[in-house]
Amino acid sequence: MTANTVLVLADERPETTRRGRRRVVAPLIWLSFLIVAGVLVMAALGTLLAPQNPAAQHLATINASPSGAHWLGTDALGRDVFSRVIAGARTAFFGPLIIAAASFVLGNLLGLFAGYRGGLADAIIMRWVDFMWALPALVILVVVAGAVGSSYWLAVVVLIVLTVPFDTRVIRGATLEQMPRPYVEAVKTLGVPRWKIMLFHIWPNVSPIAVANTCLVFAGSLVTLAGLEFLGLGVPPGTPDWGLMLSQNEALLFTNPLATIAPGVMIVLTAISMNLIGDWLYEQLTSRGAGR
Amino acid sequence: MSGVGLLFFVLRRLVVLAILLVLISFVTFSLLYISPGNLIDILLGARPHTPATVRALTNEYHLNKPFMVQYWLWAQQAGQLKFGTSITTSLPVTSEIGARLGLTLYLGIYSFVLTMVFGVGLGVASALRRGSFIDRGLTGGVMLGLSTPAFVASVALLYVFAIQVHWFPAYGVGAGFFDEFWHLTLPSVALAVTTVAYVVRHTRAAMIGTLDQDYVIFARARGLSSRRVLYVYLLRNALIPVITISGVILSSLIVGVVLVEVAFSLPGLGSLLVTAATAKDIPVLQGVVLLFAVVIVVANLLADVVYMLVDPRIRVGGRSA
């Protein structure tokens, strides 16, 4: 999951701060924020916003092409695709939001601890991170669904466990960079308690990286969860969900292709927006004083 | 590095590998016990529940013996590549896997070649023409590729190249090498979208870092041809990050294979895994998981060895991060 969105920090940054590029990037970032805000509204209001009941079946008008009544046509059960796309934002947004938040808290704590303490604690945590690193998250989700039964919330919990090492590794690296700085030495000399040094002195300096990284985690888990739904091993059948719609409507590519393409476009748009915001935040927050 | 050092390194990693395999096999075996419900019911599936079938299953899975003994007997069988019989089809798991292995390997190798050729090639081209129109286009393409999951790419390619213009077939696997090649092109491209983007990004970053190095500037100053500078000085360093991220590439390919095989209805290991998960066919699940795990563990070991051979600066036994 997170596998494909690992940050390439430092290496490719300098050029993006050049003026010429910034003028091109800014509208894209605005668009990204707009898309994410739109999806958030859709996720929060869901069925209130949908023009029709996303579950209502009209067997007289199945596989209909787009029209005034059905903007994106209907699916094989005559359900309004446009309404289902809006309602589908819920499972696409809230799962990744919870994963990103939980992994943010746990990953930052573990990363700070490992980076600050060093020694045996660091070695143990990093061994565990190395072991968890580059595991095919979706395959693990499929296996868990096969052994225990498919469940959206179980998948969210498993993804949190698989994502924490990713955050931990990034934060630990950023913490190690702060360690030799004079201010750390100074607060140590003043006798400030360890947890206060970590949370109130070091963390503010690594937080830009943590926030940017969380956007990437969000995008990654969105894509992985959608993959699980696509395989039919997440939400129960019938739930409006982008991944599930994509697989159920695949046979409709010949009659009403929009029923398949629209949810796919939504997945990619949301993921790419979060990735762009993450990259942009990283640039903004790190070049304006804080951090490096 | 000396030959003895390398040998010691490989031996050390082999011990770690053995420990990992024992751990993985234990977790895989436990899948049967994690599964909620009566063990006999799970193993029976849809087959009739009679005293005779129950007795046969109890004997086959040694259910009347202690847990650790069961695991030991299962592991011995697994070591001989025997994972029992499928609950849904009643065929041996090994033959189920064997029948599908070829297709998945074909897909995987095809995508891997695409990833290496286009990933490294475009990454180098992007870095050499840094800031140009091509470079910006590629950077945007990388963003798109990284955000496009394999199943969305599959559906998009199916729609454009199989339904709109009939260049490639929408279904089937084909017979014979070239027919298969033709049938598996769309799935392989869909599978390679993410990995190509990932390799382009890392190759570009590594190349840009290398371009400013003193030894490259010196090589240029000596008047070496730009071709020679590229192949001898730059490419070797550009390949190192590709090896470092090989673990991520492999895991991305395995995830992708599952999605692509389902999207294109191809009978491979990925679709077998999903069918087994849907039907709660635990023995098949165990067989496929163990196979994937062994591939990942062994590939990571190989990557580490290649890494050391290509980059002599790596310290043996040094910490990875």
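One can find the structure itself at the top, above this paragraph.
Residues numbered from 1 in each chain as written. Chains lettered and ligands numbered in written order. Predicted model: local features only at pLDDT ≥ 70, side-chain atom pairs only at ≥ 80, totals over all residues.

A.B. asks: Summarise the nonpolar core; cite the residues concerned and give the values.
C.D. replies: If you look at the biggest cluster of nonpolar residues, it comprises 150 residues, and the most contacted ones within it are Leu141 and Val142 of chain A together with Val258, Leu273, Leu285 and Val288 of chain B. Sequence-distant contacts of leucine 273 of chain B, that is, excluding residues within four places in its chain, are made with Val142 of chain A together with Val258, Leu285 and Val288 of chain B. (Core = buried A, V, L, I, M, F, W, Y, C linked by C-beta atoms within 7 Å. Buried ≥ 20, exposed ≤ 12 C-beta atoms within 10 Å, placed from the backbone. Contact = placed C-beta atoms within 7 Å.)

A.B. asks: Explain unusual backbone geometry to me, and be specific about the residues and the numbers.
C.D. replies: Look at asparagine 63 of chain A: it is not a glycine, yet its phi comes out positive at around 50°. Note that asparagine 63 of chain A resides in the loop between helix H1 (19-45) and helix H2 (81-87). Backbone geometry at lysine 280 of chain B places phi at a positive 55°, although glycine is not the residue there. Classification of lysine 280 of chain B as buried rests on a count of 20 C-beta atoms within 10 Å. (Helix = DSSP H or I, 4+ residues; strand = E, 2+ residues; numbered from the N terminus.)

A.B. asks: Outline the environment of proline 267 of chain B, supporting the account with residue identities and numerical values.
C.D. replies: Residue and element names in this part refer to chain B. Counting through the fold element by element, proline 267 comes out in the loop between helix H11 (246-263) and helix H12 (269-279). Residue proline 267 is classed as partly exposed on the basis of its C-beta count, with 14 C-beta atoms lying within 10 Å. Separated by 264 residues in sequence, proline 267 and glycine 3 have C-alpha atoms that sit 44 Å apart. Contacts of proline 267, omitting those with residues within four sequence positions, involve Arg100 and Leu103.

A.B. asks: Go over the interface of chain B and chain A, please, and point to the residues and values.
C.D. replies: With 47 residues of chain B in contact, the opposing surface of chain A contributes 46 residues. Mapped by element, the contributors of at least two residues to the side of chain B that touches chain A are helix H1 (3-34), helix H6 (133-147), helix H7 (150-164), helix H8 (177-211), H11, H12 and helix H13 (282-310) of chain B. Residues belonging to the side of chain B that touches chain A are distributed by class as follows: 32 nonpolar, 12 polar and 3 charged. (Nonpolar A, V, L, I, M, F, W, Y, C, P; charged D, E, K, R; others polar.)

A.B. asks: Quick one: what's the story with helix H10 (residues 226-244) of chain B, residue by residue and with numbers?
C.D. replies: Residue and element names in this part refer to chain B. If you check H10, its first and last C-alpha atoms are 26 Å apart, about what 19 residues at 1.5 Å a residue would give, namely 27 Å. At leucine 234, H10 is deflected by roughly 45°, the largest bend along its length. Every buried residue belonging to H10 is among Leu234, Ala238, Pro241 and Val242, and all of these are buried. In this structure, the buried residues of H10 make contact with helix H5 (93-128), H8, helix H9 (214-221) and H11. (Expected span 1.5 Å × (residues − 1). Bend = angle between axes of the 7 residues up to and from the residue.)

A.B. asks: Go over the packing of H5 of chain B against H11 of chain B, please, and point to the residues and values.
C.D. replies: All names here are of chain B. Viewed as axis vectors pointing N to C, H5 and H11 meet at an angle of 135°, and their least axial separation amounts to 11 Å. In terms of orientation, H5 lies oblique with respect to H11. Like other packed secondary-structure pairs, H5 and H11 cross with a definite hand, here right-handed. Seen from H5, the contacting residues are Thr104, Leu107, Gly108, Ser111, Phe112 and Thr115; seen from H11, they are Ile249, Leu253 and Val257. (Axes fitted to C-alpha atoms, helices over the stretch in contact; angles between N-to-C directions. Parallel < 35°, antiparallel > 145°, perpendicular 65-115°, else oblique. Left-handed = near helix turned anticlockwise from the far one by under 90°.)

A.B. asks: Please provide a residue-by-residue account of the packing of H9 of chain B against H10 of chain B, values included.
C.D. replies: Residue and element names in this part refer to chain B. Following both chains from N to C, one finds H9 and H10 inclined at 160°, their axes separated by 11 Å at the closest point. Our classification of the angle between H9 and H10 gives roughly antiparallel. You can see that H9 and H10 cross each other, and the crossing is right-handed. Seen from H9, the contacting residues are Tyr215, Val216, Ala219 and Arg220; seen from H10, they are Val229, Tyr233 and Leu234. Class assignment of the residues belonging to the contact of H9 with H10 gives a composition of 6 nonpolar, no polar and 1 charged.

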